[in-house]
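The lines below spell out each chain.
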Amino acid sequence: MPSFAAKCRVVALVIVSVWIGLAALYGLLKPVSNGCIMTYMYPTYIPISTPEELSPGKYGLFLYHEGWKRIDFKEHLKKLNGVPVLFIPGNGGSYKQVRSVAAESDRAYKGGPLEHTFYQEAYLTNEEGGVDMGVARFPLPNHYTRMLDWFAVDLEGEHSAMDGHILEEHTDYVVYAIQRILDQYKESRDARTSDGAAISGTLPKSVILVGHSMGGFVARAAVIHPRLKKSTVETILTLSSPHQSPPVALQPSLGHYFEHVNDEWRKGYEVQKTRSGQYLAEPVLSHVIVISISGGINDYQVRSKLESLDGIVPPTHGFMISSTGMKNVWLSMEHQAILWCNQLVVQVSHTLLSLIDPETGQPLTDTTRRLGVFTKMFHSGIPPNFDWMTKLQLYKKPTHARNKDEKDASAFGFVRSGSQVQALSPCPSNMHWTEDGLERDLYIQTNTVTVLAMDGRRRWLDMEKLGSDGKNHFIFVTNLAPCSGVRLHLWPQKGKMAVDQPMSKRVMEVTSKMVHIPSGPAPRQIEPGSQTEQPPPSAVFWLGPEDMHGFRFLTISVAPRPAVSGRPPPAASMAVGQFFSPKDGERGLSPGFLLLSGYSPKEMFLKEDHPLAFNLSFGISLGLLPVTLSLKTAGCGIKTSGLPVEEAGDVENSRLCKLRCFPPVALAWDTTSGLHIFPNIFSETIVVDGSPALWTSTQGSEGTTVLLLVDPHCSYRTSVSASFTAAASRFLLLYCSQIIGFSIAATFFALMRQARSWELDLPIPSMLTALESNLRMPVPFLLQAILPIIISLFFSLLLSQSLPPIASFIVISIICYLFANGSLIILILVTQLVFYVAAIVHVFIKTRWQSWEGNPCFMFLHWFINLTSGFISFKVIRVLRANPVLVTDLIAITLVCFVHPALGLFILLLSHGWCCHNALCSFLMASFRSHARRELFDSRNEENSDGFEQFAFKAGPEFKQGLPVDDKGSSSPESAKSYAEGQLEIFHHCHGMFVLHLLSTLMFAPSLLTWLQRIGMGQSFPWFWDSALCIGIILHGICYSKPEFNSMTFPVFDLEIRLSSVYLLAGYSSYISGLALAPYRVFYPMAAIGVVSSVFRIIQRKSKEGEAHFNSRKHSHRH
């Protein structure tokens, strides 16, 4: 019996698991505000006819038309002359979901390109195929020459994320739809020719694919389809689509199809060579680029880690970007909201229109140019990671002058960032400010410069003087637009810029280094003359020592009123700059600090004149442990600002403090999901869509870096508190696949404990006792929870793969394993309760059977049973009753092969459940009889003995059947007790098999739902690999349907491997499958055990050596 301490451990584990589950459920069901604007449209869907000889079956193809007027479909198809784009819906999606992006594309084509701004543009790095000029060599069009024709496939709303076979069918139809679209353009052109209409332009040769959710993966699968013609697809855009693996890889066919497609894509970007290594041909997919857009933290269905293209598509042919870091979007959105969020679909529409070459009217053919357009339209000028400040800190001023290339680059308006030279374009001539526009110059004598109005002045900052004492970095935040509101220049010396001066002495304009960031709501306009609330910043500008080298002065020129753009100036103008040292703003928050903040918020005080930029390093990734960051204004220097004391009032509670300080901004970088920006962060929960502590995680992913921009004129009370509720939601989302694999592993370890007990001739423990034994320290826990993690790290070293952050990886893996055990304990308790209730009810009815003899209903039931006994006496029925295992095998395997694997596994579950029920009923009845006989033997009362015999007679002959007697023919209490213990062991064994195969059946349940959805729509046979694995699982259940089969051994060479060792290896395999986020691989060891055991049993029966391997001597007195 488990000790009290063991019971306490189990209870504590169950309580923690229940709390995590409930907290996660609360966090996931809580409504989330995403800030998206709804998109409106007037949709019309035009069906595309399909020739009868090429009929694809149940799916369909539609063309979208935007407009409220009724149109003639045939005439509209004749005019088809745009660029084809095919939309592929996702899991359970509809072809009508194309309406938002298609409607905005129509408006974008009619309205023209977006207004040009002068913020810093993103650029292609050298790894992405960029050259020294970045994307400046890829100008965007100033007008659109060809509209987009949006097509959509109707996939009947099937749930493709749950079944690999459905994914293959969808891929086949998309390949057909692509060719049908191109044929439709030819038909339309021929129809216009026959009508005598003028023909212009060329026929499209490729189709742009846009896929949502699983539709994005289907788009990639279609590209490698053998029936798809080369170059018919060159651009793929995916929205919240998993690429690395399915969101929850439960079905083997689903996981295998993902692996196959990803392997083909990796091969597609490899240069084809001969065996001797000579160049043969360019990569098959060298013309294809893929852009993946993730929904960010609010997308609970597909995490950013799964949407990454790392290891599948090289950086020269694609990238993944989160909507939180996407230019003009800056929002996280739900899985479905990404289809209608107006900020995003507008940006996507203009991007796709910008891909069209004005000269040919077709998409650009050069992959680098297409990738450059996507980079320029999607990425902001903010660095994709936080290493920019690290690089600036590591910079050492050279002793000699810069080389000639750097001088020339600076002279011609280029600045080097790392190894990449970025173009710095000056403001256009129509926005040039005359000298008369600047009233007078201001000379700043402090490290901090402030602009509170568009005063038309130019502020001079002596970088050599103000940047002394290590403060050789400059940061500037403002809500003024570049060129029209503010301009910045670097001067080698004070004076006017002369064209006839040498290149090295010319003034360089760096206005285009201003980076656009999202700003919060603008302040309300208050009456003239009153204090106006400071507006949130909309741009950031920074300079490092490398940028300042060779220059003496920095000037900040503010436009005079009215703004030169002709528009009215903003309600309140704001700009704050500061020379600072990055080390002054560094704050490290250790894991212990963050964990303790979950119980009591930790406060920090920021005094006035603090650094404008704070570098907060969180020791635990905010993707796993979200943190609520609150900033409360404590002071704003009013008493030293020249205002009367009575006007300043109480600094702590003064409303003016909030008005004088610009709203703080937080920029968080994550290695997986990229940039997250939180404007107006007075109190905000900071969370990123990271994936820390995974086997595939990289070094540095265990923490998160946050850049906090706060007004240096103000003091703040800052509090940090971890949100355990949000952490529970993130934990379940990130590690659900891992937990599923660990649950199967824990079940195998429990079966190993049961098999080992049988081999040692000990009583078979219950599943609950076996689980508790495996959690004991130190040996069982280290052997089953820690050793697989060490094995996985060894595999990483063996395969030359990068190691994950070891400490966080081990800790999180252990937590997942404990949670899996806690969930498994709950499942065991629930199923055990159901079996006990059913057995008690059954025994109760059996003991009352004879008391109902006089009841008319009982007499009718008895007559009905006698009537059916004739049917049972048939020979076929007798054979089937005599071989229940054969019946179970035939029915289950038939369903697995010809209907659905889940149905066959359900039959196996019924077999285990029936075995559990019979054993438990026998145990309860034998226990009751043993207790009654003990009372009789103790009392030695003849009358009581007769009374018991009368009771046993009333209970019926069924009560006596199967109850053993001892060798002398007496029914002693000891013999009944021994029989009861044997039946309990049978129940424990069958219950263990029931739990294992229940988990297997549940993993196929989502696929069964899709099968039920497709009833009557033309079913096909299950996928072969699914059926084969399930047959192996069924054989495993049949081979070990009785406890005595636990003594089976597997002779390998000169060794005999026992079943307990086989279960241990199966547990390790399942554990590592969980670490690899591939829980479907747990079916491999399960099926392998079943197949090998069946083969050995057949061989042993034929050689008549079964008794040597099935030791019936053990426990024979019990069973």
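Student: I keep staring at the pairing of strand β28 (residues 674-678) and nothing clicks. Help me out?
Tutor: When a strand is regular, its side chains alternate between the sheet's two faces. With 5 of 5 residues buried, β28 is to be regarded as a mostly interior element. Where strand β27 (residues 665-670) lies against β28, 5 bridges are found, and the strand directions are antiparallel. Paired with Ala666 across the strands is Phe678, a residue of β28. Between β27 and β28, which follow one another and run antiparallel, lie 3 residues.

Student: In this structure, what is going on with the packing of helix α18 (residues 767-774) against helix α20 (residues 806-847)? I would like to understand it.
Tutor: For any two helices packed against each other, one specifies the crossing angle of their axes together with the interaxial distance. Across the interface, α18 lies against α20 with an axial gap of 10 Å and an inter-helix angle of 165 degrees. Accordingly, the angle class assigned to the pair α18 and α20 is roughly antiparallel. Of the two possible hands of crossing, α18 and α20 adopt the one that is left-handed. Between α18, through Met767, Leu768 and Leu771, and α20, the contact on the second element is made entirely by Asn821, Leu824, Ile825, Ile828 and Leu829.

Student: Please explain the nonpolar core as it appears in this structure.
Tutor: A general tendency of soluble globular proteins is for nonpolar side chains to be buried together. Ranked by size, the top nonpolar core spans 85 residues in total, and within it Phe731, Tyr735, Phe748, Tyr817, Tyr1040 and Tyr1063 carry the most contacts. Among all residues touching Phe748, those that are not within four sequence positions of it are Leu996, Tyr1063, Ala1066, Gly1067, Ser1070, Met1086 and Ile1089. Membership of the second largest hydrophobic core comes to 48 residues, among which are Tyr45, Val210, Leu355 and Phe378.

Student: Please clarify how the side chain of Thr235 should be interpreted in this entry.
Tutor: Within the secondary structure, Thr235 sits in strand β6 (residues 235-239). What makes Thr235 buried here is its relative accessible area of 3%. At 3.1 Å, the side chain of Thr235 and the side chain of Arg370 are in polar contact. Each residue touching Thr235, except ones within four places of it in the same chain, is listed here: Val207, Ile208, Leu209, Ile289, Leu355, Arg370 and Phe374.

Student: Whenever I open this one, the state of the cysteines confuses me. Can you help?
Tutor: Every disulfide links exactly two cysteines, by a covalent bond between their sulfur atoms. A full pass over the atoms with the stated rule returns 4 disulfides. Here Cys36 pairs with Cys341 through a disulfide, and the sulfurs are 2.2 Å apart. Given an S-S torsion of about -90 degrees, the disulfide between Cys36 and Cys341 has left-handed geometry. Of this pair, Cys36 sits in the loop between α1 (4-29) and β1 (43-47) while Cys341 sits in the loop between β10 (318-322) and α8 (342-354), and the two are 305 residues apart along the sequence. Looking at Cys341, the relative accessible area reads 0%, which means it is buried. Across the disulfide from Cys915 sits Cys990; the S-S distance is 2.3 Å. Placement of Cys915 in helix α24 (residues 901-939) and of Cys990 in helix α27 (residues 973-1013) is noted, with a sequence separation of 75 residues between them. Overall, Cys915 belongs to the partly exposed group, its relative accessible area being 22%. On the accessibility criterion, Cys990 (1% relative accessible area) is buried.

Student: How do you make sense of helix α19 (residues 779-798) when you look at a structure like this?
Tutor: One full turn of an α-helix is made of 3.6 residues, so residues set three or four places apart face in the same direction. Taking 1.5 Å per residue as the helical rise, α19 with its 20 residues ought to reach 28 Å, and the 26 Å between its terminal C-alpha atoms agrees with that figure. Those residues of α19 that sit buried are Pro780, Phe781, Gln784, Ala785, Ile786, Pro788, Ile789, Ser792, Leu793 and Ser796. Those residues of α19 that are buried are in contact with α17 (724-759), α18, α20 and α29 (1059-1075). After α19 finishes, the residue Ser800 shows a positive phi value of roughly 60 degrees.

Parameters at a glance
- Residues numbered from 1 in each chain as written.
- Predicted model: local features only at pLDDT ≥ 70, side-chain atom pairs only at ≥ 80, totals over all residues.
- Heavy atoms only, no water.
- Buried < 20%, exposed > 50% of the residue type's maximum accessible area, 1.4 Å probe, protein only.
- Helix = DSSP H or I, 4+ residues; strand = E, 2+ residues; numbered from the N terminus.
- Pairing = 2+ DSSP bridges.
- Axes fitted to C-alpha atoms, helices over the stretch in contact; angles between N-to-C directions.
- Parallel < 35°, antiparallel > 145°, perpendicular 65-115°, else oblique.
- Left-handed = near helix turned anticlockwise from the far one by under 90°.
- Contact = heavy atoms within 4.5 Å.
- Core = buried A, V, L, I, M, F, W, Y, C linked by side-chain atoms within 4.5 Å.
- Polar contact = N/O pair within 3.5 Å; in protein donor to acceptor, adjacent residues only side chain to side chain.
- Disulfide = S-S within 2.5 Å.
- Expected span 1.5 Å × (residues − 1).

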